[in-house]
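Coordinate analysis (summary)
Here's the letter readout for the chains.
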Amino acid sequence: MGKQRSPRGRRLENQELDISFGVKEHEFRSLDMLQGGDPPLGRRLSGGDYNWDKVVLSKGLKNDSVKFIPSKGIHVGKRQMWWLHRHIRSIVFTILLMGFLVLLDSLVCLIFDPAMLQNNFSLQGSSKTKVEMIEKTGKEGPVKLHERLLNLAAASLAEREFKQESSKLWEEPYPQASSWKPCADKTSPQVVRAGKPRNITGYILISANGGLNQQRVAVCNAVAVASLLNATLVIPKFLYSNVWKDPSQFGDIYQEDYFMDMLKDEVNIIKELPPNLKLLDVEAAGSLITDADLSKEATPDEYIKKILPLLLRNRVVHFLGYGNRLGFDPLPYELQRLRCKCNFHALKFVPKIQKTGSLLVRRIRRYDFARSTLDKQLLGNLMPRVDHSAAEGPSKYLALHLRFEIDMVAYSMCEFGGGETEIRELQTYRQVHFPLLLERLKESKSHSPEELRRMGKCPLTPEEAALVLAGLGFKHGTYIYLAGSDIYGGRSRMQALTTLYPNLVTKENLLTPSELAPFRNFSSQLAALDFIACATSDVFAITDSGSQLSSLVSGFRTYYGGGHAPTLRPSKKRLAAILSRNKTIGWNSFEEKIRKMIDEGQRVQVRGLGRSIYRHPRCKECMCRH
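Residues numbered from 1 in each chain as written. Predicted model: local features only at pLDDT ≥ 70, side-chain atom pairs only at ≥ 80, totals over all residues. Heavy atoms only, no water.

Looking at the nonpolar core
With 90 residues, the main nonpolar core has F259, Y303 and F319 as its most contacted residues. Looking at which element gives the most residues to this core, the answer is helix 6 (residues 212–228), with 10 residues. Each of domain 1 (147–172 + 350–404 + 459–625) and domain 2 (189–346) contributes no fewer than three residues to this core. Ignoring any residue separated from it by four or fewer positions in sequence, one finds F319 in contact with I204, L205, I206, S207, I289, L294, Y303 and I307. L150, A466, L568 and I585 belong to the second-largest nonpolar core, a separate cluster that totals 53 residues. (Core = buried A, V, L, I, M, F, W, Y, C linked by side-chain atoms within 4.5 Å. Buried < 20%, exposed > 50% of the residue type's maximum accessible area, 1.4 Å probe, protein only. Helix = DSSP H or I, 4+ residues; strand = E, 2+ residues; numbered from the N terminus. Domains from an automatic or database assignment. Contact = heavy atoms within 4.5 Å.)

A look at the environment of E592
By the secondary structure assignment, E592 is in helix 26 (residues 587–601). Residue classification places E592 among the exposed residues on the basis of a relative accessible area of 59%. Spatially, the C-alpha atoms of E592 and G471 are 7.8 Å apart, while their sequence positions differ by 121 residues.

Description of the pairing of strand 16 (residues 479–483)
Along strand 16, 5 of the 5 residues are buried, which leaves the element largely enclosed by surrounding structure. The sheet contact formed by strand 15 (residues 397–401) and strand 16 spans 5 bridges and is parallel. Considered in strand 16, the bridge of L400 is made with L482. Taken together, the 2 bridges between strand 16 and strand 17 (residues 504–505) define a ladder with parallel strand orientation. Bridge pairing links I480 to L504 in strand 17. (Pairing = 2+ DSSP bridges.)

A short note on the side chain of S554
For S554, the location among the structural elements is in helix 24 (residues 548–560). For S554, the side chain forms a polar contact with the main-chain oxygen of S551, separated by 3.0 Å. Once residues lying within four places of it in the same chain are set aside, the contact partners of S554 are F540, T567, R569 and R615. (Polar contact = N/O pair within 3.5 Å; in protein donor to acceptor, adjacent residues only side chain to side chain.)

Section: the sheet that holds strand 17
The strands that make up a sheet are held in pairs by hydrogen bonds between backbone atoms, and each pair lies either parallel or antiparallel. Here 5 strands make up an open sheet; going across it, the order is 17-16-15-18-19 and the pairing parallel. Pairing within the sheet leaves two strands with one partner each, and these edge strands are strand 17 and strand 19 (567–568). Against the sheet, helix 23 (residues 523–535) touches strand 15, strand 16 and strand 18 (539–542), its axis set at about 145 degrees to strand 16. (Axes fitted to C-alpha atoms, helices over the stretch in contact; angles between N-to-C directions.)

Thoughts on the side chain of S287
Considering the arrangement of structural elements, one finds S287 in the loop between helix 10 (282–285) and strand 13 (288–289). Here V316 takes part through its backbone oxygen, which lies 3.0 Å from a polar atom of the side chain of S287. With residues near it in sequence (within four places) discarded, S287 still touches V282, L310, N314, V316, V317 and H318.

Some words on helix 5 (residues 147–160)
For the α-helix, the turn length of 3.6 residues means that residues three or four positions removed from each other point alike. Here helix 5 is 14 residues long and its end C-alpha atoms lie 20 Å apart, about the 20 Å a rise of 1.5 Å per residue gives. Where burial is concerned, most of helix 5 is hidden: 11 out of the 14 residues are buried. (Expected span 1.5 Å × (residues − 1).)

Here's the deal with the state of the cysteines
For the structure on display, the rule yields 3 disulfides. For C340, the disulfide goes to C622, at an S-S distance of 1.6 Å. Taken together, the positions of C340 in helix 12 (residues 333–346) and C622 in the loop between helix 26 and strand 20 (623–625) put the pair 282 residues apart, joining distant regions of the chain. Across a sulfur-sulfur distance of 2.1 Å, C414 and C458 are joined as a disulfide pair. Here C414 and C458 share a disulfide; its torsion about the S-S bond, -90 degrees, makes the bridge left-handed. Here C414, found in the loop between helix 15 (406–412) and helix 16 (419–433), pairs with C458, found in the loop between helix 18 (449–454) and helix 19 (462–472); they are 44 residues apart in sequence, far enough to count as distant. For the pair shown, C414 and C458 are each scored as buried. Ordering the disulfide-forming cysteines of the protein chain by sequence position, one finds them joined as 1-6, 2-5, 3-4. C622 provides the cysteine sulfur closest to C619, a residue in no disulfide bond, and the two sulfurs are 3.8 Å apart. In this structure C619 comes out as buried when scored by relative accessible area, which is 5%. (Disulfide = S-S within 2.5 Å.)

Some remarks on the pattern of salt bridges
Enumeration according to the criterion identifies 25 salt bridges in this entry. Between K271 and D257 there is a salt bridge, and its shortest N-O distance comes to 3.1 Å. Highlighted residues: K271 in the loop between strand 12 (269–270) and helix 9 (275–278) and D257 in helix 8 (residues 256–262), separated in sequence by 14 residues. Relative accessible area serves as the criterion here: at 40%, K271 is assigned to the partly exposed category. The class for D257 is exposed, based on a relative accessible area of 53%. One salt bridge in this structure joins D261 and K264, with 3.1 Å as the shortest N-O distance. (Salt bridge = Lys/Arg side-chain N within 4 Å of Asp/Glu carboxyl O.)

Below, the structure written as structure tokens:
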């Protein structure tokens, strides 16, 4: 609540004071301010009887001026009006000094009582926002598991506001990363099949399930299997899923002709079966292959023993619901390289996706310039072009992929601070969507939510993601692109993140309704836009390394990033151990542990045995070391 108005004097309403103190305009820029919303946390200067609670950008003013508009607590009479006008500079200096002293006092008090910061750096929104954010849990305000640490983070961001940001945050820490270069598209004596007859076995049909990224893996595996069995691959089909509800087919997402041309030297690829084979009942012929017929991550020997005889007999084999059915090791060099070539070179998004992806990236960066190999690979000829008339310089941004959808949250069997209401809600969701999971849990010893968290089995909440970013040193004004937007708990669950980092955007608020219209009801095409925005970002942060989007994007950045595309991978197990001390740990200690955790995840390592080449392309089959 604001202070009571004084009955004496005249109140200064709607009068602006220009204060120039050499701060660059972009350091204050935020979406909230541009849209007329409440000022972001950390921008308030409070002290004495003054409360400067609105910050207005004065674009074009000399010395990068910033306007502070007084709104509460200043009451003066006619004489004081003249005095105020005469001594305005002294007043401004006094206000700034008082604000600094209040901040300094709060930081000192933190050593003895961290809760004292709550009044100065409150994470609560306005009363209107509180009403809008009453969640299904039935209580007002957001669920916060680590409120003390959030307060410490808020104080740290406020203190860091006017300091120079470390450039190390935006670069990979190990120079060895730049020694690895893409080369999966290079031919070599090992992959040349001179004089070998092609397509002597038959045709392979693929019906891939899942979303965009699961289907991408299935396509690359299918290319390798077609080469292994010396068969012709028919352009893969994508199954309609009741979960994804997307009828998109291969040609709606990827450029078919480019795909076929890029791989023509290794695999025959056609768009349709020959007419004489279209009427074949593959199920009756015994050529319908499901997951039950193949091991997960099957070896080449299993394909040769089980699938090749069917192919030779019926000329057609149909893999239904095909996905992760080809292992990574042991696999011949040629097949491994072919999967890399398919993933990193042959699968190009269609121009419609490239065009909108280019528009999306340009609006995040706030300038029109293609600056990296990643841009060129993902956007092709539709990448942003140089615009010398751009009013603002380049803007770095961080892309964040939060895996906190309701299915992920429910499947984890963890608890996230929402009490009995949350527990009942998630259990009801499991009964509808994961009945087999519940049956399996009845027959085995289950772990408590606390044990699951210690084991690193619980998805990171948006609150925990915000603490990791703050612990690393990212400033309050950092631009963040959020991939996906169906966060469990909605705006309430996101409040801690959006308060600490208000410059958070999604494709839904960067693109107009008309620009998004062609992608409505096509979840895979929308996911392709997220793929582009994440892959071309200056920094990519993930909260779950098991996610296919996170896996493929991080691999793409490794392959084309040239050692300048860092990916932040928190260890859920280590982070849980750090956060278990949330009531006692000091902020400096928290920062040190977070930075060490992330640093270890960024070490340059060659792909290990059995690891995915889509996520870990640093191997002789995919990349060359110089």
